[in-house]
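Chain and residue survey
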Amino acid sequence: NAGVTQTPKFRILKIGQSMTLQCTQDMNHNYMYWYRQDPGMGLKLIYYSVGAGITDKGEVPNGYNVSRSTTEDFPLRLELAAPSQTSVYFCASSYSISPQGDTEAFFGQGTRLTVV
Amino acid sequence: KQEVTQIPAALSVPEGENLVLNCSFTDSAIYNLQWFRQDPGKGLTSLLLIQSSQREQTSGRLNASLDKSSGRSTLYIAASQPGDSATYLCAVTPQGGSEKLVFGKGTKLTVNP
């Protein structure tokens, strides 16, 4: 059971280039999330999805796009990369939040992106 | 808007010491609270999840408490070891439609041999 898998682990982009960060999970979770983590700033939600075909913006969506064509995959696309997008990106997944609050979120190992 | 604060931002202790990490949140309407561990350059590992109806959870040397009414949680680490050195993150799942984890900025713990 691999859990949440992110690729690549590291990437350097030039300003204006585009790329897709891949995320896949094998736990049949319906919820998936993308966060970015900047030094000293905690994790900020970029986009999330509550199921295949459904996506919505989080706190910091500008400059990013997502799609959710399958339950397993939730890629994050960066168009026209900017230095402000230098960060560590984490993908996460969970089951739907239950009223009992017993839903646990699982995170991937992260993608460290540098835009120069 | 839910906000999560962790104090202190950094903590350095000698090996063997018992320690407490603090987390506070502004809105008590939460489904749960999770404590995560993050090693340098690594992802987040879930340590403990406390449901809103619970007061505490324990796993080995770790004990997390939750006082929802006052918006506070503590993570107690007993008999700390150098291997406990990491950043500890607290996150809550708010009720009321925004069911996504809201994170604190973390406490960086260093346990010195």
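Data block above holds the structure.
What you see is a predicted model; the values in this text were computed from it and never measured.

Close approach of charged atoms allows side chains with opposite charge to pair. Residue and element names in this part refer to chain B. A full pass over the atoms with the stated rule returns six salt bridges over all chains. With its nearest N and O atoms 2.9 Å apart, the salt bridge here joins Asp39 to Arg37. Owing to a relative accessible area of 26%, Asp39 belongs among the partly exposed residues under this scheme. On the accessibility criterion, Arg37 (17% relative accessible area) is buried. One salt bridge in this structure joins Arg61 and Asp84, with 2.8 Å as the shortest N-O distance.

Okay, the sheet that holds strand β3 (residues 19-25) of chain A next. Residue and element names in this part refer to chain A. Pairing in this open sheet of four strands is antiparallel, and the strands run β1-β3-β8-β7 from one edge to the other. Among the strands making up the open sheet, the edge pair consists of β1 (4-7) and β7 (64-66). This sheet shows a mean twist of 20° between the axes of neighbouring strands, independent of strand direction. Relative to strand β8 (residues 76-78), β7 runs antiparallel, the two being bridged by three bridges. Residue pairing for β8: Val66 is matched across the bridge by Leu76.

Conventions and cut-offs
- Residue numbers restart at each chain and count upward from 1, following the sequence in its written direction.
- For this description, chains carry letters from A and ligands carry numbers from 1, given in the order in which they are written.
- Two thresholds apply to this predicted model, a pLDDT of at least 70 for residue-level local features and 80 or more for giving and counting side-chain atom pairs, whereas whole-chain, interface and lining totals are computed over all residues.
- Only heavy atoms go into the side-chain values, all of them from the structure, while hydrogens and water stay out.
- What counts as a salt bridge is simple: a side-chain nitrogen of Lys or Arg found within 4 Å of a carboxyl oxygen of Asp or Glu.
- When accessible area is computed with a 1.4 Å probe and restricted to protein chains, residues below 20% of their type maximum are described as buried, those above 50% as exposed, and intermediate ones as partly exposed.
- Note on pairing: DSSP must find at least two bridges between two strands before they are called paired.
- Put simply, DSSP marks the helices as runs of H or I at least four residues long and the strands as runs of E at least two long, and each gets a number from the N terminus on.
- Only the stretch in contact is used when a helix axis is fitted, and all axes are lines through C-alpha atoms; the angle between N-to-C directions ranges over 0 to 180 degrees.

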